[in-house]
Structures are given as C-alpha cells and as structure tokens.
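# Architecture and fold: a report
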Number of protein chains: 2
Amino acid sequence: MSVVKRHYELWGFTPIDTPVVERPEILSAKAGGEINKQVYGLRLLNPPEGSADDSKDLGIRFDLTVPLARHVAANQNKISFPFRRSQFGYVMRGERSKRGRYRNFIQYDIDTIGDGVLSFQNDAECIAAVINIFCELAFGRFRVHINNRKILMGWFETYEIISDSDQRQAMTYIDELEKVGRQEVISNLSRLGLNEEKAMELLTILTDDFPVDEMIEKLEQNPANNQKLLDGISELKKVVNSLRMMGASEEHFCVNLSIARGLDYYTSTVFETFLEDHKGVGSIASGGRYEDLAEYYTNKKLPGVGVSIGITRLVMKLIDAGIVDAKVNTIAPVLVTTQNLDKNQAFYLKTARMLRAAGIGVETYFQDAKLAKQMKFANKRGFRIALIANDEECEFGVVQMRDLKTGDQEKVELGDLVNHIRQILS
Amino acid sequence: MSVVKRHYELWGFTPIDTPVVERPEILSAKAGGEINKQVYGLRLLNPPEGSADDSKDLGIRFDLTVPLARHVAANQNKISFPFRRSQFGYVMRGERSKRGRYRNFIQYDIDTIGDGVLSFQNDAECIAAVINIFCELAFGRFRVHINNRKILMGWFETYEIISDSDQRQAMTYIDELEKVGRQEVISNLSRLGLNEEKAMELLTILTDDFPVDEMIEKLEQNPANNQKLLDGISELKKVVNSLRMMGASEEHFCVNLSIARGLDYYTSTVFETFLEDHKGVGSIASGGRYEDLAEYYTNKKLPGVGVSIGITRLVMKLIDAGIVDAKVNTIAPVLVTTQNLDKNQAFYLKTARMLRAAGIGVETYFQDAKLAKQMKFANKRGFRIALIANDEECEFGVVQMRDLKTGDQEKVELGDLVNHIRQILS
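Read on for an overview of the structure. This is a predicted model, so every value here is computed, not measured. (Residues numbered from 1 in each chain as written. Chains lettered and ligands numbered in written order. Predicted model: local features only at pLDDT ≥ 70, side-chain atom pairs only at ≥ 80, totals over all residues. Heavy atoms only, no water.)

## As for the overall build of chain A
Across its full length, chain A holds 17 helices and 16 strands. By the compact-globule yardstick of 22 Å for 426 residues, chain A is too spread out, its C-alpha radius of gyration being 28 Å. For chain A, the C-alpha atoms occupy an extent of roughly 90 × 65 × 45 Å along the three principal directions. By the burial criterion, 57% of the 426 residues in chain A qualify as buried. Carbon and sulfur atoms make up 47% of the accessible area of chain A, which totals about 18100 Å². (Helix = DSSP H or I, 4+ residues; strand = E, 2+ residues; numbered from the N terminus. Rg over C-alpha atoms; globule rule 2.2 N^0.38 Å. Buried < 20%, exposed > 50% of the residue type's maximum accessible area, 1.4 Å probe, protein only. Areas by Shrake-Rupley, 256 points an atom, 1.4 Å probe, with all protein chains shown as cover.)

The structure is reproduced here in structure tokens:
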C-alpha cells in the first residue's frame, strides 16, 4: 500500500475521502450488469418503535468512482480542473464470497476529472502509474490489456447489434469471456440476433492477439468504415502514443479487444491488468474513461478517467502465492520486561517514557510472569530489543540491553540507552 | 491523523484491519442503550429474483471494539498476549445526522487484550497516549475525565438500584446528563424506585468535583462499605498511580464520577476527554475496560481496555473553530505547464518522468490553455514550482523554473533540474 501511495502521489493524485453511503437510485442507475444485483442498502436492525426509519434512502458504495462524481459535482466551484485525486477505502458488493473474493473489500483508486474536456494523456497516465507500481512491487510478469469501448460498439454496430440496451448486454457477455468460456459467449451473443457463425466471427475479431502497432493497423484497415470504430481507434492510438512517451514498453501493455469491463459507466478507454503467471487471479488493476458520470448531479460535463487497484483481492492472492507474509509483528522495536513490578514500576515506566520521547516505540510487559515467558513473548512478537532490569539494576539506573537478532547483551546506563538502541536499529 | 498514528506506534499498538460487517445478533447484544436502536444491517437494493438474499445475516459495525473481540477470539492461538493493536476505520450508527455528528464516521482506536488477566497499567497507557496526542496537537486546554463503573454500580447498590437491568438503565441516565440536564436525570432515576430526594442525593455525589487525591479520599471514607465500590476505588487508584508515573499531570486528567459511557460492554475503568474551552464538542477520545467482550465467541476470558478517537467529529469541529484548514492542495510540488502540446509532448513527458524518478511529485497540464490560465491553476492548486518551456526551449532542452512562492524565475538545463528543484523544496 505504501508503494501504491507513493506512486499515486508522484503523479499528483491528491488523497480525498468520501462517505460510504450514497443515494440508492444513483447506485442502481450506475452499477449495471451483474453488479446491479449486488448493490447493498442499509436498514436498521432494531428500528425504534413509531419513528420513521430513513435508512431506506441510504445505499452503500460499490466502487469509489460513483461517489467521486457526486463529490466533484457538489464542489465544482471550489475545485480547480483538471482534478487529480486518489482515494483509498472500503466498498461493498453482494457477491457470493469466497477466498480472494469478498463482499467487503478495499479499493485504492486514482481519477482525473476534467471540466468539459479531458485529454487522452490522462488515460495514459493512469496506465503508466499502474505499470510503475507493479514494476516496483515485482510480483512477476504482468501486462495492462487496453481497449476502447467505442471500438467494441463499432464492431457491435457492424454486426447489427444496434440498440443501446443490446450493446450493453453484448458488453456484459464479452466481459464474462474469461469466466464462462468462448462457447457460452457465442451462444449468448446469438440471443441478440446474430446467427452462430456471425457471433463466432465477432468473437474471433475481439480475441485476436497481435503486437500493438499491428493490431491498430489491422483495425484501421477494417472495411466497415464505422464512425464509432474509427473514433475508438483514434483515441486508442493517442493513449498508446503518450504511454510510450511516458516510458512504458510493450512488455507491460497490449491491446486486447475483448476487454469490456463490468461497469456501465465507461464510454471510451477501458483496461485490465493481469499477472502473466497467475491469470486465474483476475484483473489486479482496472479502469477506464467515462464521459457522463456526474450527469445525475450537474448539467456540467465532467469527463473522467481512472484506475482502481483491488487491494483486498490482490493481497489475499499474494499471501496464497507466498509472495507476502501475513504475520503481524509488533510495530515497536523495544520491549521493556519487568520483574517485581509493584516495586519497580516507576523505573520501567520512566525508561519507556524516555525512549518514546526519543521517537523509539516501546511496549512494557505488565503481566506477572517469569522472565523466560517474557522473553518468549518478545521473540514471538518480533521485538528487536529486550530491556531487562532486576531490583538492583532498577535501583542503580542500569538495564541489560539484549539484541534479539544477534543474541548480544550488554549493560547500559539509562543516560546512554537512547544512543545504544539507535545504533542497533540503524 | 499522522500525529495519532505516530503516538499509537510509540506505545506498540500495531495496526490491523477487520471487515465492516459483523453478525447482527452480536452487534445487537453488545450495543446497548441508545446505540442499540442505531445499529445498521444490510439489504440488497435489487435482489435477483428467486435466489436467497443472505444479507439478513450481515450487520454493520457501530464501533471497532466488538469486531476486535471476534478477531481476537478467532485468532487466539496465533496471537501473543497481551495484544496491543490499533485500528483506523469507518463505523456506522443510525443517528439523526447534523454537522459534526454523522451516521458514517471514522474512529481511530487502540486496545490491549489480555489472556485471562490484564494489569491496570494498560488502562493508564490508553489515557497517557491520549494525553500525549492532544498535548502535541495543541488544540487548546483539555482533560481526560476518568471513572470506574464499579464505583457507579456500588453507589447504585447503595441507593437500592440492584438488578442488572436497572443498573444498566441508571448508567444510561447518568450518561445523558450533559445532554438532558440535572432535572431530567433526577426524574429518570426516580423511575427506578428512588424518591426524588434520594435521586438528587445520588446525582450530587456523582457530580462532585474535587482534585484527584481528595476525591479518592472522600470515596474511601464512604460509610456504605459496599464491595463493588471498594473494588472500583482500588482499581481507580492503580490507574491514577501508573498514569502519574507515565508523566501525566492533573492539568490533563481528573476523576469524574458522572462519566458512564453509552456502551453496555464496559465493566470497570471508563473515561472521556473534553476540550476545556469547547465543552459543546463532546468527548473527543473515549474508552474503558471490558471483561467479557469475546464471550460470544470463546470460553476463554479475554479482558481488554481501549480508547477511541472520533476523527470525523473532531476534524469537523476543528475546521469550524478555524484550527485546521479544509483546503485540499495538490500533493505534488511541481507543475509542468505545456505549450503546443501535440508538438512538444515528448519533451514535457520526459521532464515529468525524470523528476518522478528522482522522487519529486509532478502534474503535467494536458488541456489546451493559454499559459496565463495554467499559471492561475498552478497558484490555485498550491503548486510550489511551475516549469515553463516554449517550442525553442523544448528543442534545446531547457526550462524556465518559477518558484511560485517567491516569484523568482530562472532558466535551467534539464540535467540540472532535479538539483535546482530539490534546493527550493528543502
């Protein structure tokens, strides 16, 4: 999380926070597809008799982008655009929970919101930030798969999937490809009026896999000359062009026309990120561009583009893969052990206080326990240093300082203790 | 928040996180009093037809202590006790929301959990940490008001309020003193079987105000010789004694027998913290000791003590009082302004990339806008440095570096830019 935070800040995405609750009708309108069935609302468990339960007006955010739209619309006169913000927080979806897939999970987002217009360099920035983050985290080979929904819509039109609702449905079918497999997508697409042959043809186009420039060239040579498709290609080229100037190499991104995203609000660039050696993990960083997210709140056009990293899912998968360790050590490096606490309390508390004043974290052991038990606790909780003082040492103001990593122990006067500890810790 | 975080860490309270949802029956059992009517649960806004909505099993945490109990019980074999943890997160209560009082707010907690026993030094640690935090924050004069529920229960018994439910009710009445005033508390207490004279007498005892040692002395001289009361006094003395050894002075704490706390689970030490010059703000840091919080999850006795700082409420009040500023500046110090972006994009992106690689936060201005507009944006968003380069400068690899605080501007070659910027920022 600190790596993600640092990179977000390097690009100027400034942290804000918004409430967990939003208006239910907005959440329902913006969720779309599968997620629409997963939106939570509140209710009082024990409503007081006779008084109205106004919790029916409270929905729970399923992402951090819809709340951002409300925030920006409400504060549009105070905000200087383009507005880059980061946000870290819980969101909820009524999924069937399983390991790595929770109803309650943390997202860590960045978005840039423009006033009326927003350049496609901003799309590239989001992708470049993701690439920088996962390069530094070094979880293994990864690649951002980039698409543009206008390209999808263009192909849908070419294949006679015309109405807005049919196109949304087709988008959902394509999004499910990894989950349900080719045959089911083809059969689903057939429901929208295509025969099976055409559906297969469309899916083949959308799952073609070529190097970026070759892919774009092929798209430009398509005979249908559909305007949506041409717009999408032009936008995609701008994003790829800027992305390269930001230092990204094709080792870390590709064009993948089957990327659709499960949320209704995307209108242009969309992308997902996969660990090449752990495809089953699913996308670890997803995002895209949306033109009209704030339409419910304001007449002003506030286009945006952003990316969300699903921290909870990612961390669980990293723990499972043995890449990160779930053990919680103490955050303090020093344990003050105690003997004959009633008598020596003042000395132990003074020692701890002195170290804290010097910025050194300290726990004091307050239970009545033999020293051996306290040392076992010190090792188990991951302290670096244990301080030990018996009655006599307390009286004379000295402690035994034990380095739990090396096993070294030396007698130190209280006045020298801060320096000695700093030496070990540095 | 960074001050709170640093102090919590200095005392060895290690950060953990837990889910927002808990089992409804546990939340209801542990809330008590007013808060019980405010506990939220989940429901699906648009449940899918035919399938069961299992959200009835999901309640939303109203504090961070009840979830801690479940976490500790579930992981008791992995945890080394005493277990000091900090937690930062959203909680929800169905309150009537008003400025500074929200249904959705952030708490920042510490707790220490013992295995079977827990020394009263741990209570003192929580209070000492709070005192250190508010000393450093310097929001003005403040004082932690300390009590012990056994003292309250002892006095209740002395005044013939005997049954468990009557004592809980009396606790709630006392807790409401600030809100409803003396007369209403007296009339409420009368409902529990006291006549008005006795109720007034009891309230007078509980609202006596003396220096700490004098207060304890008076308590010890009480004629009733009630065991609960004696136990409470003995515990209170231990806490005060250790607190003083930790460096706290009576400038920052007092004994206040009318502190009861609104949550049912406290069994011993309780305390609240008030800004002396802003009593209307209410308690800004509250806590206490609980013996049986994990009883629903485990047969093991896991006593705990903790404190919660209500960040949201506190911050709103500080904004209102003009003590903190709600303005959101950019987190990046440098803005790369742009001219003729289509032509010069590569240069601007290279410059930004170089600075980020050196750990300097940068935003790039991607909209098509006159330089004057970009400089206005730079000032409004609080950038420290603006970089300016026209066609010729881009070609020759130099930029105009403007210090937006001093107004100084100088021409710098790209190779020297990192050093020049570091000089201004340091």
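From this point on, the discussion continues.
## As for the relation of the copies chain B and chain A
Each of the two chain copies can be generated from the other by rotation about an axis followed by a shift along it. Overlay of chain B on chain A (RMSD 0.0 Å): rotation 180°, translation along the axis 0.0 Å. Viewed as a symmetry operation, the transformation between the two copies matches a two-fold axis. Closest approach to the rotation axis among the C-alpha atoms of chain B is made by Leu42(B), whose C-alpha sits 2.4 Å away. In this assembly, 100% of the residues forming the interface of chain B have copies in chain A that are likewise at the interface, indicating an isologous arrangement. (Least-squares fit on C-alpha atoms with pLDDT ≥ 70 in both. Contact = heavy atoms within 4.5 Å.)

## Focus on helix H11 (residues 212-220) of chain A
Side chains three or four residues apart in an α-helix point the same way, a direct result of the helix having 3.6 residues per turn. All buried positions along H11(A) are accounted for by Val212(A), Met215(A), Ile216(A) and Leu219(A). Each buried residue of H11(A) sits inside an arc of 95° when the element is viewed along its axis, so together they form one side. (Arc of directions from axis to C-beta.)

## Some words on the side chain of Thr65(A)
Residues and elements named next belong to chain A. Structurally, Thr65 can be placed in helix H4 (residues 65-74). Residue Thr65 is classed as buried on the basis of its relative accessible area of 6%. There is a polar contact of 3.3 Å between the side chain of Thr65 and the side chain of Tyr265. In this view, Thr65 contacts Asp109, Asp111, Tyr265, Tyr290 and Leu293; residues no more than four positions away in its chain are not counted. (Polar contact = N/O pair within 3.5 Å; in protein donor to acceptor, adjacent residues only side chain to side chain.)

## Side note on the packing of helix H11 (residues 212-220) of chain B against helix H12 (residues 227-245) of chain B
All names here are of chain B. For the pair H11 and H12, interaxial distance at closest approach is 10 Å and the crossing angle is 160°. For the element pair H11 / H12, the angle class is roughly antiparallel. For the pair H11 and H12, the crossing hand works out as left-handed. Where H11 approaches H12, its residues Val212, Asp213, Ile216, Leu219 and Glu220 are matched on the opposing element by Leu229, Ile233, Leu236, Lys237, Val240 and Arg244. Counted by class, the contact of H11 with H12 contains 7 nonpolar, no polar and 4 charged residues. (Axes fitted to C-alpha atoms, helices over the stretch in contact; angles between N-to-C directions. Parallel < 35°, antiparallel > 145°, perpendicular 65-115°, else oblique. Left-handed = near helix turned anticlockwise from the far one by under 90°. Nonpolar A, V, L, I, M, F, W, Y, C, P; charged D, E, K, R; others polar.)

## Regarding unusual backbone geometry
The omega angle of the peptide bond from Phe81(A) to Pro82(A) is -5°, so this bond is cis rather than trans. Its location among the elements puts Pro82(A) in the loop between H4 and strand S5 (83-92). Of note in the backbone geometry, Ala138(B) takes a positive phi value of approximately 55° without being a glycine. Residue position: Ala138(B) is located in the loop between helix H5 (121-137) and strand S7 (142-148). In this structure, Asn340(B) takes a positive phi of about 55° despite not being glycine.

## Structural notes on the sheet that holds strand S15 (residues 398-403) of chain B
Remark on secondary structure: sheet strands pair via backbone hydrogen bonds, oriented parallel or antiparallel. All names here are of chain B. Spatial strand order, S13-S12-S14-S15-S16: 5 strands in an open sheet with mixed pairing. What marks the edges here is a single partner per strand, and that holds for strand S13 (362-364) and strand S16 (409-413). Averaged over all adjacent pairs, the angle separating strand axes in this sheet is 25°, with direction ignored. Sheet analysis places S15 next to S16, joined by 5 bridges and oriented antiparallel. Each bridged residue has a counterpart across the sheet, and for Arg402 the counterpart in S16 is Gln409. Relative to the sheet, helix H14 (residues 341-357) contacts strand S12 (334-336), S13, strand S14 (385-388) and S15, its axis offset from that of S13 by approximately 170°. (Pairing = 2+ DSSP bridges.)

## Description of the packing of aromatic side chains
In this structure the tally under the stated criterion is 18 aromatic pairs over all chains. With a centroid separation of 6.0 Å and 65° between ring planes, the pair formed by Phe347(B) and Tyr348(B) is classed as edge-to-face. Using a relative accessible area of 9% as the deciding quantity, one classes Phe347(B) as buried. Aromatic side chains Tyr365(B) and Phe377(B) sit 5.3 Å apart centroid to centroid with 70° between the ring planes, which places their arrangement in the edge-to-face category. A residue pair is termed long-range when its members are at least 10 positions apart, and Tyr365(B) in the loop between S13 and helix H15 (371-380) and Phe377(B) in helix H15 qualify at 12 residues. Residue Tyr365(B) is classed as buried on the basis of its relative accessible area, which comes to 3%. By relative accessible area, Phe377(B) is classed as buried at 6%. An aromatic cluster of at least three residues, connected via ring pairs, comprises Tyr8(A), Phe88(A) and Tyr108(A). Over the aromatic face of Phe210(A) sits the side chain of Lys218(A), whose NZ or CZ is 4.5 Å from the ring centroid. Sitting over the face of the ring of Phe120(A), Arg289(A) holds its NZ or CZ atom 3.9 Å from the ring centroid. (Phe/Tyr/Trp six-rings, centres within 6.5 Å; stacked < 30°, edge-to-face > 60°. Lys NZ or Arg CZ within 6 Å of the ring centre and 35° of its normal.)

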